[in-house]
Amino acid sequence: MTVQTQMQQAIASAQSVQASLVQFSLETENQQAKLLFENLAEQQKNILTLLEGRYQQVLQEEPQFKHSNP
């Protein structure tokens, strides 16, 4: 498995976690839990932004990835 594939999988996983946290916040009636899930979703969004930025950096630094980028 290439670094590119691993990073794509990590990004997809991070997106899934973020979506789950948002869904949890929408489904709970407990305001404390809702706030917790919203905060965690925001933190996950920041992590996702960092991962996507690093992925773009890898694509620019490693020319072999440009040719296999879907």
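Nothing here was measured: the structure is a model prediction, and the numbers come from that model.

A. Geometry of the overall build of the protein chain. Scanning the protein chain from N- to C-terminus turns up three helices and zero strands. When the elements of the protein chain are put in sequence order from the N terminus, they spell out α-α-α. When contacts within the protein chain are restricted to residue pairs at least 6 apart in sequence, long-range pairs at least 24 apart make up 57% of them. Surface accessibility of the protein chain: about 5,100 Å² in total, with carbon and sulfur atoms responsible for 54%. Of the charged side chains in the protein chain, 4 are positive and 7 negative; the average position of the first set lies 7 Å away from that of the second.

B. Region of the structure containing the packing of aromatic side chains. For the structure shown, the criterion picks out one aromatic pair. Ring geometry for Phe24 against Phe37: centres 5.3 Å apart, planes inclined by 55°, an arrangement best described as tilted. With a gap of 13 residues between them, Phe24 in helix α1 (residues 3–27) and Phe37 in helix α2 (residues 31–61) connect regions that are remote in the sequence. Its relative accessible area of 41% is what places Phe24 among the partly exposed residues.

C. The nonpolar core, seen in detail. Residues Met7, Ile11, Ala14, Leu48, Tyr55, Val58 and Leu59 constitute the largest nonpolar core, which totals seven residues. By residue number, the principal contributor to this core is α2, which donates four residues. The residues contacting Ala14, other than those within four sequence positions of it, are Gln44, Leu48 and Leu51.

D. Layout of the packing of α1 against α2. Closest axis-to-axis distance for the α1/α2 pair is 8 Å, and the angle between their directions is 165°. As summarised for this structure, α1 and α2 are arranged roughly antiparallel, according to the angle between their axes. Considering how the two elements wind past one another, α1 and α2 form a crossing that is left-handed. Classifying every residue of the contact of α1 with α2 gives 17 nonpolar, six polar and five charged.

Cut-offs applied
Residues numbered from 1 in each chain as written. Predicted model: local features only at pLDDT ≥ 70, side-chain atom pairs only at ≥ 80, totals over all residues. Heavy atoms only, no water. Helix = DSSP H or I, 4+ residues; strand = E, 2+ residues; numbered from the N terminus. Contact = heavy atoms within 4.5 Å. Areas by Shrake-Rupley, 256 points an atom, 1.4 Å probe, with all protein chains shown as cover. Lys, Arg positive; Asp, Glu negative; His and termini not counted. Charge placed at Lys NZ, Arg CZ, Asp CG, Glu CD. Phe/Tyr/Trp six-rings, centres within 6.5 Å; stacked < 30°, edge-to-face > 60°. Buried < 20%, exposed > 50% of the residue type's maximum accessible area, 1.4 Å probe, protein only. Core = buried A, V, L, I, M, F, W, Y, C linked by side-chain atoms within 4.5 Å. Axes fitted to C-alpha atoms, helices over the stretch in contact; angles between N-to-C directions. Parallel < 35°, antiparallel > 145°, perpendicular 65-115°, else oblique. Left-handed = near helix turned anticlockwise from the far one by under 90°. Nonpolar A, V, L, I, M, F, W, Y, C, P; charged D, E, K, R; others polar.

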